[in-house]
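# Summary of structural features
In case you want the letters, here they are:
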Amino acid sequence: MKIDLGDYETGAKLDGDYDAQLASVQGRLEKIQVAHIVHKKPAIVVMEGWDAAGKGGVIKRLTANWDPRFFEVMPISAPSEAELAHHFLWRFWTRLPANGHITIFDRSWYGRVLVERVEGYASEAAWRQGYDEINAFEAQQIEAGATIVKMFVHITQEKQDEELAERLDDPWKRWKTGADDYRNRARRADYLSAMADMFDRTSTELAPWTVIDGNNRKAGRIAALTAIADRLEAGVSMEPPSLDPDFEKMARAALRAD
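The present account deals with the structure reproduced in this document. (Residues numbered from 1 in each chain as written. Predicted model: local features only at pLDDT ≥ 70, side-chain atom pairs only at ≥ 80, totals over all residues. Heavy atoms only, no water.)

### Here's the deal with the packing of helix H2 (residues 55–62) against helix H10 (residues 217–234)
Two elements in contact, H2 and H10, have axes separated by 10 Å at closest approach and are oriented at 55 degrees. By the angle class used here, H2 and H10 are oblique. Where H2 crosses over H10, the handedness of that crossing is right-handed. Here Val-58, Arg-61 and Leu-62 of H2 lie close against H10, whose contacting residues are Arg-221, Ala-224, Leu-225 and Ile-228. In terms of residue class, the contact of H2 with H10 is made up of 5 nonpolar, no polar and 2 charged. (Axes fitted to C-alpha atoms, helices over the stretch in contact; angles between N-to-C directions. Helix = DSSP H or I, 4+ residues; strand = E, 2+ residues; numbered from the N terminus. Parallel < 35°, antiparallel > 145°, perpendicular 65-115°, else oblique. Left-handed = near helix turned anticlockwise from the far one by under 90°. Contact = heavy atoms within 4.5 Å. Nonpolar A, V, L, I, M, F, W, Y, C, P; charged D, E, K, R; others polar.)

### A closer look at the pattern of salt bridges
Inspection of every chain in the model, using the stated rule, returns 21 salt bridges. For Glu-119, the salt bridge goes to Arg-187, with nearest N and O atoms at 3.8 Å. Taken together, the residues span a long stretch of sequence, with Glu-119 in the loop between helix H5 (115–118) and helix H6 (124–143) and Arg-187 in the loop between helix H8 (179–186) and helix H9 (188–202) at a distance of 68 residues. Ionic pairing is found between Arg-128 and Glu-124, a salt bridge with its closest N-O pair at 2.8 Å. (Salt bridge = Lys/Arg side-chain N within 4 Å of Asp/Glu carboxyl O.)

### Some details on the sheet that holds strand S4 (residues 147–154)
One open sheet holds the 5 strands; their spatial order is S2-S3-S1-S4-S5, and the pairing between them is parallel. Here the strands that pair on one side only, and so sit at the sheet edges, are strand S2 (71–75) and strand S5 (209–213). On average, each strand axis in the sheet is inclined to that of its neighbour by 20 degrees, with strand direction left out of account. (Pairing = 2+ DSSP bridges.)

Note that all results are geometric; they support no functional claim without further evidence.
This is the structure:
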(Lines give C-alpha, C1' and ligand atoms only; values in the text may rest on other atoms or scores of the structure.)
Protein backbone atom coordinates (compact mmCIF):
# COMPACT_ATOMS: atom_id res chain seq x y z
CA MET A 1 0.00 0.00 0.00
CA LYS A 2 1.37 3.40 -0.99
CA ILE A 3 2.20 5.64 1.97
CA ASP A 4 1.15 9.30 1.77
CA LEU A 5 2.36 11.36 4.73
CA GLY A 6 -0.50 13.77 4.12
CA ASP A 7 -2.79 11.10 5.55
CA TYR A 8 -1.09 11.45 8.95
CA GLU A 9 -1.58 15.13 9.74
CA THR A 10 -4.93 15.40 11.54
CA GLY A 11 -3.43 15.45 15.03
CA ALA A 12 -6.61 13.96 16.42
CA LYS A 13 -6.78 13.85 20.21
CA LEU A 14 -6.58 10.56 22.03
CA ASP A 15 -9.92 8.87 22.58
CA GLY A 16 -9.99 7.78 26.22
CA ASP A 17 -7.75 8.09 29.25
CA TYR A 18 -4.07 8.48 28.37
CA ASP A 19 -2.61 7.22 31.64
CA ALA A 20 -4.78 4.10 31.65
CA GLN A 21 -3.96 3.27 28.03
CA LEU A 22 -0.27 3.92 28.60
CA ALA A 23 -0.18 1.62 31.63
CA SER A 24 -2.03 -1.07 29.69
CA VAL A 25 0.25 -1.08 26.67
CA GLN A 26 3.38 -0.87 28.85
CA GLY A 27 2.18 -3.89 30.83
CA ARG A 28 1.73 -5.72 27.55
CA LEU A 29 5.19 -4.66 26.37
CA GLU A 30 6.72 -5.90 29.63
CA LYS A 31 5.43 -9.42 28.93
CA ILE A 32 6.56 -9.17 25.31
CA GLN A 33 10.11 -8.42 26.41
CA VAL A 34 10.06 -11.41 28.76
CA ALA A 35 8.88 -13.59 25.89
CA HIS A 36 11.87 -12.45 23.82
CA ILE A 37 14.21 -13.20 26.72
CA VAL A 38 12.95 -16.69 27.54
CA HIS A 39 12.59 -17.74 23.90
CA LYS A 40 15.94 -16.13 22.98
CA LYS A 41 14.34 -14.11 20.20
CA PRO A 42 16.10 -10.97 18.90
CA ALA A 43 14.17 -7.94 17.70
CA ILE A 44 15.02 -4.64 16.04
CA VAL A 45 12.93 -1.48 16.36
CA VAL A 46 13.75 1.30 13.89
CA MET A 47 12.59 4.80 14.84
CA GLU A 48 12.67 7.41 12.08
CA GLY A 49 10.88 10.72 11.67
CA TRP A 50 11.27 14.46 11.57
CA ASP A 51 13.44 16.38 14.02
CA ALA A 52 11.36 17.14 17.15
CA ALA A 53 8.68 14.65 16.09
CA GLY A 54 8.69 12.87 19.46
CA LYS A 55 10.75 9.76 18.73
CA GLY A 56 12.57 10.08 22.03
CA GLY A 57 9.31 10.30 23.95
CA VAL A 58 8.09 7.10 22.32
CA ILE A 59 11.36 5.30 23.12
CA LYS A 60 11.28 6.51 26.74
CA ARG A 61 7.82 5.06 27.25
CA LEU A 62 8.51 1.95 25.19
CA THR A 63 11.34 0.90 27.49
CA ALA A 64 9.92 2.19 30.80
CA ASN A 65 9.03 -1.28 32.15
CA TRP A 66 11.76 -3.24 30.39
CA ASP A 67 14.65 -5.03 32.07
CA PRO A 68 17.67 -2.87 31.10
CA ARG A 69 19.90 -5.94 30.82
CA PHE A 70 18.07 -7.11 27.72
CA PHE A 71 17.53 -4.04 25.56
CA GLU A 72 19.75 -1.42 23.99
CA VAL A 73 18.96 2.02 22.56
CA MET A 74 21.31 3.06 19.75
CA PRO A 75 21.27 6.82 19.05
CA ILE A 76 22.63 7.16 15.52
CA SER A 77 24.42 10.34 14.52
CA ALA A 78 26.95 11.16 11.81
CA PRO A 79 29.43 8.32 11.19
CA SER A 80 32.92 8.56 12.66
CA GLU A 81 36.07 8.52 10.55
CA ALA A 82 36.54 4.84 11.36
CA GLU A 83 32.97 4.07 10.32
CA LEU A 84 33.35 6.02 7.08
CA ALA A 85 36.22 3.71 6.18
CA HIS A 86 33.73 0.81 5.94
CA HIS A 87 30.55 0.05 4.03
CA PHE A 88 27.72 2.21 5.38
CA LEU A 89 25.97 -0.80 6.94
CA TRP A 90 29.07 -1.92 8.86
CA ARG A 91 28.34 0.23 11.91
CA PHE A 92 24.86 -1.27 12.13
CA TRP A 93 26.06 -4.85 11.84
CA THR A 94 28.15 -4.21 14.96
CA ARG A 95 25.07 -3.02 16.88
CA LEU A 96 22.61 -5.80 16.10
CA PRO A 97 20.86 -7.46 19.08
CA ALA A 98 21.98 -10.69 20.67
CA ASN A 99 19.45 -13.48 21.11
CA GLY A 100 16.87 -12.45 23.68
CA HIS A 101 17.63 -8.75 23.26
CA ILE A 102 15.67 -5.93 21.65
CA THR A 103 17.63 -3.10 20.05
CA ILE A 104 16.00 0.26 19.33
CA PHE A 105 17.68 2.37 16.67
CA ASP A 106 17.00 6.09 17.14
CA ARG A 107 17.62 6.83 13.46
CA SER A 108 19.21 4.11 11.43
CA TRP A 109 20.64 2.86 8.15
CA TYR A 110 17.90 4.86 6.43
CA GLY A 111 20.18 7.85 6.73
CA ARG A 112 21.74 6.61 3.47
CA VAL A 113 18.53 7.35 1.53
CA LEU A 114 17.43 10.36 3.58
CA VAL A 115 20.00 12.77 5.02
CA GLU A 116 22.92 11.43 2.98
CA ARG A 117 20.85 11.72 -0.19
CA VAL A 118 19.40 15.16 0.52
CA GLU A 119 22.55 16.74 1.92
CA GLY A 120 24.82 15.23 -0.73
CA TYR A 121 26.90 13.09 1.63
CA ALA A 122 26.39 10.09 -0.65
CA SER A 123 26.59 10.05 -4.44
CA GLU A 124 23.41 9.45 -6.41
CA ALA A 125 24.71 6.04 -7.43
CA ALA A 126 25.41 5.17 -3.76
CA TRP A 127 22.03 6.17 -2.35
CA ARG A 128 20.15 4.56 -5.22
CA GLN A 129 22.04 1.33 -4.58
CA GLY A 130 21.23 1.76 -0.90
CA TYR A 131 17.61 0.66 -1.33
CA ASP A 132 18.56 -2.82 -2.46
CA GLU A 133 21.34 -3.04 0.12
CA ILE A 134 18.97 -2.07 2.93
CA ASN A 135 16.30 -4.53 1.80
CA ALA A 136 18.89 -7.31 1.62
CA PHE A 137 20.28 -6.38 5.06
CA GLU A 138 16.84 -6.50 6.66
CA ALA A 139 15.97 -9.76 4.90
CA GLN A 140 19.16 -11.28 6.31
CA GLN A 141 18.19 -10.29 9.87
CA ILE A 142 14.69 -11.73 9.45
CA GLU A 143 16.09 -14.96 7.98
CA ALA A 144 18.38 -15.20 11.01
CA GLY A 145 15.35 -15.04 13.31
CA ALA A 146 14.98 -11.36 14.18
CA THR A 147 11.76 -9.37 14.09
CA ILE A 148 12.06 -5.92 12.51
CA VAL A 149 9.67 -3.10 13.39
CA LYS A 150 9.99 0.13 11.37
CA MET A 151 8.24 3.26 12.68
CA PHE A 152 8.13 6.73 11.12
CA VAL A 153 6.80 9.59 13.26
CA HIS A 154 5.33 12.33 11.10
CA ILE A 155 4.52 15.93 12.05
CA THR A 156 3.56 18.98 10.02
CA GLN A 157 5.87 21.95 9.55
CA GLU A 158 3.68 23.95 11.93
CA LYS A 159 3.99 21.32 14.68
CA GLN A 160 7.73 21.03 14.15
CA ASP A 161 8.10 24.80 14.48
CA GLU A 162 6.15 24.74 17.76
CA GLU A 163 8.43 22.05 19.14
CA LEU A 164 11.64 23.77 17.98
CA ALA A 165 10.51 27.06 19.52
CA GLU A 166 9.79 25.30 22.82
CA ARG A 167 13.28 23.85 22.81
CA LEU A 168 14.77 27.30 22.28
CA ASP A 169 12.68 28.80 25.09
CA ASP A 170 13.29 26.06 27.66
CA PRO A 171 16.90 26.09 28.92
CA TRP A 172 16.60 22.42 29.92
CA LYS A 173 15.60 21.41 26.39
CA ARG A 174 18.08 23.47 24.37
CA TRP A 175 20.55 20.60 24.31
CA LYS A 176 18.08 18.72 22.10
CA THR A 177 18.34 21.15 19.19
CA GLY A 178 21.06 22.51 16.95
CA ALA A 179 21.88 24.00 13.57
CA ASP A 180 21.21 20.71 11.76
CA ASP A 181 17.54 20.90 12.75
CA TYR A 182 17.19 24.19 10.91
CA ARG A 183 19.21 23.13 7.87
CA ASN A 184 16.95 20.10 7.56
CA ARG A 185 13.86 22.25 8.09
CA ALA A 186 14.83 24.46 5.15
CA ARG A 187 14.88 21.43 2.85
CA ARG A 188 11.57 19.90 3.86
CA ALA A 189 10.39 19.47 0.26
CA ASP A 190 13.56 17.55 -0.60
CA TYR A 191 13.12 15.33 2.45
CA LEU A 192 9.49 14.67 1.60
CA SER A 193 10.56 13.48 -1.86
CA ALA A 194 13.26 11.25 -0.36
CA MET A 195 10.80 9.85 2.20
CA ALA A 196 8.28 9.00 -0.51
CA ASP A 197 10.95 7.04 -2.39
CA MET A 198 12.08 5.35 0.83
CA PHE A 199 8.57 4.13 1.61
CA ASP A 200 8.01 2.94 -1.96
CA ARG A 201 11.30 1.08 -2.16
CA THR A 202 11.74 -0.34 1.34
CA SER A 203 8.27 -1.02 2.78
CA THR A 204 8.41 -4.77 2.19
CA GLU A 205 6.04 -7.55 3.15
CA LEU A 206 8.35 -8.80 5.89
CA ALA A 207 9.51 -5.35 7.07
CA PRO A 208 6.77 -2.80 6.34
CA TRP A 209 6.80 0.81 7.45
CA THR A 210 4.25 2.05 9.99
CA VAL A 211 3.62 5.81 9.98
CA ILE A 212 2.47 7.52 13.18
CA ASP A 213 0.63 10.84 13.27
CA GLY A 214 2.71 12.61 15.90
CA ASN A 215 0.86 15.93 15.76
CA ASN A 216 -0.88 15.05 19.01
CA ARG A 217 1.81 13.76 21.37
CA LYS A 218 -0.32 11.55 23.57
CA ALA A 219 -2.31 9.97 20.74
CA GLY A 220 0.89 9.44 18.76
CA ARG A 221 2.64 7.70 21.66
CA ILE A 222 -0.23 5.29 22.27
CA ALA A 223 -0.50 4.54 18.54
CA ALA A 224 3.25 3.94 18.25
CA LEU A 225 3.50 1.74 21.35
CA THR A 226 0.49 -0.30 20.27
CA ALA A 227 1.87 -0.79 16.76
CA ILE A 228 5.27 -1.85 18.14
CA ALA A 229 3.63 -4.25 20.58
CA ASP A 230 1.54 -5.77 17.79
CA ARG A 231 4.58 -6.38 15.59
CA LEU A 232 6.81 -7.72 18.36
CA GLU A 233 4.10 -9.97 19.75
CA ALA A 234 3.44 -11.45 16.32
CA GLY A 235 7.08 -12.47 16.03
CA VAL A 236 7.52 -14.40 19.28
CA SER A 237 5.74 -17.15 21.17
CA MET A 238 3.79 -15.68 24.06
CA GLU A 239 3.66 -19.06 25.79
CA PRO A 240 5.75 -18.99 28.98
CA PRO A 241 8.24 -21.85 29.36
CA SER A 242 7.17 -24.83 31.43
CA LEU A 243 8.65 -25.25 34.89
CA ASP A 244 11.27 -27.98 35.10
CA PRO A 245 9.78 -30.58 37.50
CA ASP A 246 13.11 -31.43 39.15
CA PHE A 247 13.84 -27.76 39.77
CA GLU A 248 10.33 -27.19 41.09
CA LYS A 249 10.66 -30.12 43.50
CA MET A 250 14.00 -28.83 44.78
CA ALA A 251 12.78 -25.23 45.09
CA ARG A 252 9.58 -26.10 46.93
CA ALA A 253 11.47 -28.38 49.29
CA ALA A 254 13.88 -25.56 50.03
CA LEU A 255 11.03 -23.16 50.72
CA ARG A 256 9.34 -25.64 53.08
CA ALA A 257 12.60 -26.20 54.90
CA ASP A 258 12.78 -22.52 55.77
